[in-house]
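Examining the three-dimensional arrangement
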Amino acid sequence: MKTLEEVVEILDARIDRAMLEAYIERQWVRPHRKRKAWYFEEIDIARLQLICHLTQEIEVNDEGMDVVLSLLDQLYGLRTHMKHLTHAIAQQPLEVQREVRSILNQLMKTREVS
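Conventions we followed
Once a new chain begins, its residue numbering starts again from 1 and follows that chain's sequence as written. The model is predicted, so local features are restricted to residues of pLDDT at least 70 and side-chain atom pairs to those at 80 or more, both for listing and for counting; the totals for chains, interfaces and linings are taken over all residues. To get the side-chain values, all heavy atoms of the structure are used, and hydrogens and water are removed first. Between any two strands, pairing holds if DSSP finds at least two bridges. Starting at the N terminus, helices and strands are each numbered in turn, a helix being any DSSP run of H or I of at least four residues and a strand any DSSP run of E of at least two. Working rule for contacts: check all heavy atoms of both residues, and any pair within 4.5 Å makes them a contact. Every axis corresponds to a line fitted to the C-alpha atoms, with the helix fit spanning only the stretch in contact, and the corresponding angles, defined between N-to-C directions, vary from 0 to 180 degrees. To estimate the expected span of a helix, count its residues, drop one, and scale the result by 1.5 Å. Three labels apply to residues, based on accessible area from a 1.4 Å probe with only protein chains included: buried if under 20% of the type maximum, exposed if over 50%, partly exposed otherwise in between. Throughout this description, a polar contact denotes any pair of N or O atoms lying within 3.5 Å of each other; where both atoms belong to protein, one of them has to be capable of donating a hydrogen while the other can accept it, and for residues adjacent in sequence the pair is counted only when both atoms sit in side chains. Per the annotation, domain bounds derive from an automatic or database assignment of domains. Here the buried area means the combined drop in accessible surface, using a 1.4 Å probe, for two parts upon being joined, counting both sides. Note on definitions: salt bridges are taken to be side-chain nitrogens of Lys or Arg within 4 Å of carboxyl oxygens of Asp or Glu. Cavity means a closed set of points on a 1 Å grid over the protein atoms alone, one where a 1.4 Å probe fits but cannot get out, pocket means an open set with protein on both sides within 12 Å along at least 5 of 7 lines, and lining means a residue has an atom within 4 Å of a point. Grid points are joined across faces, edges and corners, and a volume is the space filled by probe spheres set on the points. All residues other than Ala, Val, Leu, Ile, Met, Phe, Trp, Tyr, Cys, Pro, Asp, Glu, Lys and Arg, Gly among them, are scored as polar; the first ten of these are nonpolar and the last four charged.

This next bit is on the sheet that holds strand 1 (residues 2-3). Read from one edge to the other, the open sheet built from three strands follows the order 1-3-2, with strand pairing classed as antiparallel. Each of the sheet's edge strands pairs with one partner strand only, and the pair in question is strand 1 and strand 2 (32-34). Sheet strands touched by helix 3 (residues 42-57): strand 1 and strand 3 (37-40). Its angle to strand 3, the strand with the most contacts, is close to 85°.

Right, let's get into helix 4 (residues 62-90). At 3.6 residues per turn, the α-helix brings residues three or four places apart onto the same side. With 29 residues, helix 4 extends 42 Å from end C-alpha to end C-alpha; this agrees with the ideal 42 Å at 1.5 Å per step. Of the residues making up helix 4, those classed as buried are Met65, Leu69 and Leu72. Residues of helix 4 that are buried make contact with helix 3. Regarding helix 4, its N-cap is Asn61, as a side-chain oxygen of that residue lies 3.3 Å from the backbone nitrogen of Glu63 further along.

Taken domain by domain, the protein consists of domain 1 (1-59) and domain 2 (62-114). Put simply, the middle of domain 1 and the middle of domain 2, counted by C-alpha atoms, are 30 Å apart. Counting residues at the interface gives eight residues for domain 1, matched by seven residues for domain 2. With both sides pooled, the region where domain 1 packs onto domain 2 buries about 720 Å², and carbon together with sulfur makes up 61% of that total. Broken down residue by residue, the surface that domain 1 buries against domain 2 is led by Arg26, Trp28 and Arg47, which jointly contribute 61%. Linking domain 1 with domain 2 are four salt bridges.

What follows deals with the environment of Gln49. You can see Gln49 is positioned in helix 3. Spatially, the C-alpha atoms of Gln49 and Tyr39 are 16 Å apart, while their sequence positions differ by ten residues. Not counting residues within four places of it along the chain, the set of residues in contact with Gln49 comprises Leu11 and Arg14.

A full pass over the atoms with the stated rule returns seven salt bridges. Asp73 serves as the salt-bridge partner of Arg47, at 2.7 Å between the closest nitrogen and oxygen. Taken together, the positions of Arg47 in helix 3 and Asp73 in helix 4 put the pair 26 residues apart, joining distant regions of the chain. Overall, Arg47 belongs to the buried group, its relative accessible area being 15%. Looking at Asp73, the relative accessible area reads 28%, which means it is partly exposed. Several salt bridges converge on common partners, so that one network encompasses Glu5, Arg17 and Glu21.

The subject of this paragraph is the layout of surface pockets. Looking at the largest pocket, its volume works out to about 230 Å³. In terms of lining, the largest pocket is formed by Gln27, Trp28, Val29, Arg30, Ile43, Asp44, Ala46, Arg47, Leu50, Leu72, Asp73 and Tyr76. Among the elements of the structure, helix 3 and helix 4 are those that each provide at least two residues to the lining of the largest pocket. Partitioning the lining of the largest pocket into residue classes produces seven nonpolar, one polar and four charged. Taken domain by domain, the lining of the largest pocket gets at least three of its residues from each of domain 1 (1-59) and domain 2 (62-114). Size it by volume and the second largest pocket reaches roughly 190 Å³. Within the residue set of the lining of the second largest pocket, elements represented by two or more residues are helix 4 and helix 5 (94-113). With five residues, helix 4 is the single largest residue contributor to the lining of the second largest pocket.

Shown next as structure tokens:
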């Protein structure tokens with residue numbers, strides 16, 4: 001875990017303390033808070049790098065960032081859900097796995113037609 005100051009240093013000239021605190025306030029990034037200090041995990045730093053890229057290089061405005069980050073969070077949530085679902089199916093007997101695959105294939109063909 002990295003402190004707020006370490007994150008500002010890692011991101012070099014791309015972000016300053018005030019900007020990072022604003023991102024926290026907007027809940028664009030959600031670091032852990034311990035004893036009145038913020039601590040960032042690697043995933044938080046990666047998210048900040050994405051935010052810097054989108055706001056500074058692509059010039060996405062604040063309202064656009066709210067939408068982008070919300071959609072990104074939904075996508076990650078769905079990916080996690082799909083991993084759990086895939087794991088649950090893999091735990092089933094082979095006959096059940098084949099049946100699930102067959103139903104999925106039928107559904108995908110139906111969607112291609114419509």
